[in-house]
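# Examining the three-dimensional arrangement
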Amino acid sequence: MRVQEKNGSGTVSWFDKLVVMTLPLAPKPLVKRFARRYVAGETIEEMLGTVRRFNREGMMATIDVLGEFIHHKEEARAAASQYKEILAAIARERLDANISVKLSQMGLLLDKDLCYEVMNDLVATAAKHHSFVRIDMEDSPCTSDTIAIYLKLRKQYDNVGIVLQAYLRRTLGDAREIIKAGAGHFRLCKGIYIEPRPVAFRDHKLINKNYALVLEEMLKNGAYVGIATHNEELVWEAMRLIDQYRLKRDEYEFQMLLGVDEELRDIIVGGGHRLRVYVPFGKDWYAYCVRRLKENPSIARHIIKALFRRRSAPIGRK
Ligand SMILES: Cc1cc2nc3c(=O)[nH]c(=O)nc-3n(C[C@H](O)[C@H](O)[C@H](O)COP(=O)(O)OP(=O)(O)OC[C@H]3O[C@@H](n4cnc5c(N)ncnc54)[C@H](O)[C@@H]3O)c2cc1C
């Protein structure tokens, strides 16, 4: 993901801004200690350990290989083959997990045809393993191309789904079009990129209202939705709709990010709902964690505090 910071959905105090600005000064090993909460390690084996644990606790997973910008077509193919390795491991261990993929990592910004070709191959591999590919949504310049590639893939495969972002003004229309095309398999989230006001709602109350509106449009039209939020008001709204439309347990799922509000996660699972945890892992953990910390400066504060505690420790003390 690129250019990510907290969107307009919350006020950020001067202290939080200071914390976020100071973060790059924190030594990597210190950030790594906090990273453990948000990232399932650097290797496939470490990630599999986390997924096994969630499965044992009755939760599903979706796996994201953390990747920064790619500059060459070969990098797109390399990223896809890493995902294929993961699909094979999921099948071998019979894990209840699928994969989440960013089209920019699959070459969208280099060559759209290449991106489609790489995705076509990846979704075909997932189908062979009876697995599923979720296409993450990136910033708004990617939205139309992402939807176009998704709809093209759906003409051949039904084991692929897309993400829509409730903060985009266009999303209700996109949801309707995709449902009309018979491709209603969504994850609905708020959206995480900084977008211009003509493109995206900024007021967090409006984003929540639009989330509820789009979610209802999806559910009442029989779409499958991964309800991706840690916002308890939206979880409540989702449960109200699930009840109103008398949805069966396997007709929707909740989704949350690894390490975020585990108490709410347990409440949802305890209520008998299915829940999928988004499990990122990989060598590019640092950039991902800095973003998570920027979104929740209260956690970042602990790092900065630890940083100063270390620096101000009396000389000679271990
Ligand atoms: C499974 C999943 C997949 C996602 N996929 C995408 C995607 O493809 N594209 C995209 O643009 N966005 C994606 N997102 C991010 C999403 O768009 C929001 O930015 C994020 O979930 C915060 O919105 P919220 O609905 O949780 O509500 P908020 O009201 O923003 O958050 C509720 C509370 O949760 C906590 N919280 C929320 N997010 C984080 C975090 N990341 N780190 C620490 N604490 C946090 C905060 O303390 C906050 O008080 C995804 C989110 C989830 C859960």
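Just above, that's the structure.
I will try to describe carefully the structure that is included in this document. (Residues numbered from 1 in each chain as written. Predicted model: local features only at pLDDT ≥ 70, side-chain atom pairs only at ≥ 80, totals over all residues. Heavy atoms only, no water.)

## Focus: the pairing of strand E4 (residues 160-165)
Most of E4 sits inside the fold, with six of its six residues counted as buried. Going residue by residue along E4, you find Val 160, Ile 162 and Leu 164 tucked away on one face and Gly 161, Val 163 and Gln 165 tucked away on the opposite face as well. Bridging between strand E3 (residues 133-135) and E4 involves three bridges; their strand directions are parallel. Residue pairing for E4: Val 133 is matched across the bridge by Val 160. Between E3 and its parallel partner E4, the chain crosses via helix H6 (residues 143-154), and the hand of that crossover is right-handed. The pairing of E4 with strand E5 (residues 185-189) spans four bridges and is parallel. Bridge assignment links Gln 165 to a residue of E5, and that residue is Cys 189. (Buried < 20%, exposed > 50% of the residue type's maximum accessible area, 1.4 Å probe, protein only. Helix = DSSP H or I, 4+ residues; strand = E, 2+ residues; numbered from the N terminus. Pairing = 2+ DSSP bridges. Right-handed = clockwise from strand over helix to strand, strands pointing away.)

## What to know about the pattern of salt bridges
Taken as a whole and judged by the stated rule, the model has 16 salt bridges. Arg 187 is paired through a salt bridge with Asp 136; the nearest N and O atoms lie 2.7 Å apart. A residue pair is termed long-range when its members are at least 10 positions apart, and Arg 187 in strand E5 and Asp 136 in the loop between E3 and H6 qualify at 51 residues. Just as Arg 187 is buried, Asp 136 falls in that class too. (Salt bridge = Lys/Arg side-chain N within 4 Å of Asp/Glu carboxyl O.)

## Quick look at the pairing of strand E2 (residues 97-101)
With respect to burial, E2 is a largely interior element, five of its five residues being buried. Here E2 shows a buried face lined by Ala 97, Ile 99 and Val 101 and a second buried face lined by Asn 98 and Ser 100. Where strand E1 (residues 60-65) meets E2, four bridges bridge the pair, whose relative direction is parallel. Bridge pairing links Ile 63 to Ile 99 in E2. Relative to E3, E2 runs parallel, the two sharing three bridges. Its bridge partner being in E3, Ser 100 is matched across the sheet by Arg 134. On the question of chirality, the crossover connecting E2 to the parallel E3 by way of helix H5 (residues 112-128) is right-handed.

## As for the nonpolar core
Formed by 80 residues in total, the largest nonpolar core has its most connected members in Met 47, Ile 86 and Met 119. Contacts of Ile 86, omitting those with residues within four sequence positions, involve Ile 44, Met 47, Ile 63, Val 65, Ile 99 and Phe 281. The next biggest cluster of nonpolar side chains, apart from the first, holds twelve residues, and it includes Tyr 38, Val 39, Trp 285 and Leu 293. (Core = buried A, V, L, I, M, F, W, Y, C linked by side-chain atoms within 4.5 Å. Contact = heavy atoms within 4.5 Å.)

## Some details on the layout of surface pockets
The space that makes up the second largest pocket amounts to roughly 240 Å³. The greatest single-element share of the lining of the second largest pocket, amounting to four residues, is contributed by helix H4 (residues 73-92). A per-class count over the lining of the second largest pocket returns eight nonpolar, five polar and five charged. (1 Å grid on protein atoms, 1.4 Å probe; cavity = no way out; pocket = protein on both sides within 12 Å on 5 of 7 lines; lining within 4 Å. Points joined across faces, edges and corners; volume = space filled by probe spheres on them. Nonpolar A, V, L, I, M, F, W, Y, C, P; charged D, E, K, R; others polar.)

## Some words on the sheet that holds E4
Spatially, the eight strands close up into a barrel ordered E1-E2-E3-E4-E5-E6-E7-E8, and their pairing is parallel. The sheet shows a mean angle of 30° between the axes of neighbouring strands, direction not considered. Note: strand E6 (residues 224-228) against strand E7 (residues 252-257), four bridges, orientation parallel. Its bridge partner lying in E7, Val 225 is registered against Tyr 252. Of the strands in this sheet, E1, E2 and strand E8 (275-281) are in contact with H4, which crosses E2 at around 170°. Helix H9 (residues 232-244) contacts E6 and E7 of the sheet and is inclined by roughly 170° relative to E7. (Axes fitted to C-alpha atoms, helices over the stretch in contact; angles between N-to-C directions.)

## Re the packing of aromatic side chains
A full pass over the atoms with the stated rule returns two aromatic pairs. Considering the side-chain rings of Tyr 252 and Phe 254, the 6.1 Å spacing of their centres and the 85° angle between planes classify their relative orientation as edge-to-face. Residue classification places Phe 254 among the buried residues on the basis of a relative accessible area of 1%. One residue, Arg 53, lies across the ring of Phe 54, its end atom 4.9 Å from the ring centre. The ring of Tyr 116 has Lys 152 lying over it, and the distance from NZ or CZ to the ring centre is 4.0 Å. (Phe/Tyr/Trp six-rings, centres within 6.5 Å; stacked < 30°, edge-to-face > 60°. Lys NZ or Arg CZ within 6 Å of the ring centre and 35° of its normal.)

## Let's talk about the side chain of Asn 208
Its place among the elements puts Asn 208 in helix H8 (residues 204-220). We classify Asn 208 as buried; its relative accessible area is 7%. Only 3.2 Å separates the side chain of Asn 208 from the side chain of Lys 190, close enough to count as a polar contact. The residues contacting Asn 208, other than those within four sequence positions of it, are Lys 190, Asn 231, Glu 233 and Leu 234. (Polar contact = N/O pair within 3.5 Å; in protein donor to acceptor, adjacent residues only side chain to side chain.)

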